[in-house]
Each structure stands twice: as structure tokens, then as C-alpha cells.
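The primary structure of each chain is shown beneath.
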Amino acid sequence: MIEKLLFDIAKKSSPVINSVSNIKRKENHSRYDAQSGIIRRKNNNLANKQIQFLSTKNPKTFVIMIRILDICHELLTQNITATKRDIYYKDVKLFGNLQTVDLTIDELACFLRIPRSCLNVIASAKGLVAGSLKIFQKDRSILDCSKTNCQGTLIPTMDLIDNIL
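Not measured: the values here are computed from a predicted model.

The next point concerns the overall build of the protein. Of the regular secondary structure elements, the protein holds five helices and nine strands. Starting at the N terminus and ending at the C terminus, the protein contains elements arranged as α-β-β-α-β-α-α-α-β-β-β-β-β-β. In the protein, which comprises 165 residues, the share counted as buried stands at 33%. Surface exposure of the protein reaches about 10,600 Å², of which carbon and sulfur atoms provide 52%.

Structural data, given as C-alpha cells:
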């Protein structure tokens with residue numbers, strides 16, 4: 001994708017990304033496939049639309065997409081993870097709000113036909129748990145919820161959980 005963008009720029013034409021949709025970003029145009037973890041387009045006719053991200057109408061959208069690609073590349077090469085909120089705080093002025101990051105990451109994952117976790121972007125942990133429960137994580141660590149303080153253990157995101165006993 002980046003090579004194609006560079007080729008377009010070298011030809012002095014507007015870079016085109018074969019995006020997944022050409023409809024307003026606020027509209028609900030995707031569905032989450034829980035089995036594969038991939039966000040898919042609801043209408044397959046949208047799959048091959050081209051959006052010119054670098055145009056007089058939306059150069060900021062192009063810059064945001066490239067910046068998020070850059071951040072995801074950094075996450076992957078350093079083998080670290082980040083939440084959408086972490087990414088937002090890397091460039092608050094550019095992104096403007098968290099929803100922009102959220103939509104762009106989802107669109108990027110859909111475009112690449114991969115789960116968001118393959119970009120090393122994870123959901124924020126939510127909730128506490130305590131009691132006779134062990135959470136086996138994909139990194140082979142074990143959270144023993146019976147050995148926590150009275151406030152409980154923060155529940156990791158599903159992307160990180162391998163098994164629960």
C-alpha cells in the first residue's frame with residue numbers, strides 16, 4: 001500500500017488508497033465477525049471503491065491514516081501493544097478526538113482484512129474480578145484472582161486471554 005502511494009506521488013498524481021468504503025465515516029457500514037475477529041463490510045459492493053485521500057476535500061484524512069499506519073508499524077516492530085487511547089495521545093492535535101482514531105483504526109483493519117489485534121492495537125481493560133479464578137494469558141502469564149488485594153484484579157482484554165479456569 002505504501003509503495004503504491006509513493007508511486008502515485010512520484011507520478012505527481014493524487015495518492016489513491018483502495019479503501020473499503022466510500023460512504024460517510026459516521027454511518028454504520030461494517031459488522032464485526034466474532035469468529036475471525038475481523039471487521040467486515042456489510043455491503044460487498046463497497047469493497048473495491050477508491051477514495052482519493054489526498055485531495056482538496058480531505059487531506060487531513062490522508063494524513064491521519066498515514067500517521068496511524070506509522071504508529072502501528074512502530075508498535076509491530078517494537079513488539080508492543082497500545083490502546084486506541086494511547087494512540088490518540090501520541091498526536092492529540094492531529095486526531096482531534098478519540099472517535100477519529102477509533103474509526104481510522106477500524107477502517108484500516110477492515111481494509112487490510114485483519115483483526116485490530118494484528119496491528120498491536122488492543123482494547124482497554126475494563127472491570128475488576130476477584131475470587132477463585134485463574135486467567136491464562138497468551139503471553140503465558142497467569143493471573144490468580146484469588147491472590148489479589150480486596151480491590152480485585154483488572155480484567156485483561158479478550159485479545160490477551162488464552163483461557164479462564
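This brings us to the UniProt feature "active site" (unreviewed entry) in the protein. Mapped onto this structure's residue numbering, the UniProt feature "active site" (unreviewed entry) falls at Y89. With respect to the helices and strands, Y89 occurs in helix α3 (residues 84-90). Overall, the relative accessible area of 54% leaves Y89 in the exposed class.

On to the sheet that holds strand β9 (residues 161-164). Strand order in the open sheet made by the three strands is β7-β6-β9, with antiparallel pairing throughout. On the outer flanks of this sheet lie β7 (142-144) and β9, each paired with one strand and no other. Sheet twist, expressed as the average angle between the axes of neighbouring strands with direction ignored, equals 20°. Across three bridges, the pairing between strand β6 (residues 134-137) and β9 is antiparallel. Each bridged residue has a counterpart across the sheet, and for I135 the counterpart in β9 is I164.

Quick look at the environment of T100 now. One can find T100 in helix α5 (residues 98-112). Looking at T100, the relative accessible area reads 16%, which means it is buried. What T100 contacts, discounting residues up to four positions off in sequence, is I64 and F95.

Within the secondary structure, C150 is located in the loop between β7 and β8 (153-154). Linking C150 and A130, residues 20 residues apart in sequence, is a C-alpha distance of 8.0 Å.

Counting 18 residues, the largest nonpolar core has I68, I87, F95, V101 and V121 as its most contacted members. Mapped by element, the contributors of at least two residues to this core are α2 (59-78), α3, α4 (92-95) and α5. Here this core gets seven residues from one element, more than from any other, and that element is α2.

When you line up the elements, R116 lands in the loop between α5 and β4 (121-122). You can call R116 partly exposed: its relative accessible area is 21%. Along the sequence, R116 and D106 sit ten residues apart, while their C-alpha atoms lie 7.0 Å from each other.

As enumerated under the stated definition, the model contains five salt bridges in all. D91 is paired through a salt bridge with R67; the nearest N and O atoms lie 3.3 Å apart. Taken together, the positions of D91 in the loop between α3 and α4 and R67 in helix α2 put the pair 24 residues apart, joining distant regions of the chain. In this structure, D106 and K84 form a salt bridge, with 3.4 Å as the shortest nitrogen-oxygen distance. Linking D106 in helix α5 with K84 in helix α3, this pair joins segments that are 22 residues apart in sequence. With a relative accessible area of 14%, K84 lands in the buried category.

Another point: the packing of aromatic side chains. Scanning all chains against the criterion turns up one aromatic pair. Ring centres of Y88 and Y89 lie 4.9 Å apart, and the angle between their planes is 65°; on these two criteria the pair is classed as edge-to-face. By relative accessible area, Y88 is classed as buried at 12%.

Reading the values: rules and limits
Residues numbered from 1 in each chain as written. Predicted model: local features only at pLDDT ≥ 70, side-chain atom pairs only at ≥ 80, totals over all residues. Heavy atoms only, no water. Helix = DSSP H or I, 4+ residues; strand = E, 2+ residues; numbered from the N terminus. Buried < 20%, exposed > 50% of the residue type's maximum accessible area, 1.4 Å probe, protein only. Areas by Shrake-Rupley, 256 points an atom, 1.4 Å probe, with all protein chains shown as cover. UniProt positions renumbered as here; feature names shortened; annotations may be inferred. Pairing = 2+ DSSP bridges. Axes fitted to C-alpha atoms, helices over the stretch in contact; angles between N-to-C directions. Contact = heavy atoms within 4.5 Å. Core = buried A, V, L, I, M, F, W, Y, C linked by side-chain atoms within 4.5 Å. Salt bridge = Lys/Arg side-chain N within 4 Å of Asp/Glu carboxyl O. Phe/Tyr/Trp six-rings, centres within 6.5 Å; stacked < 30°, edge-to-face > 60°.

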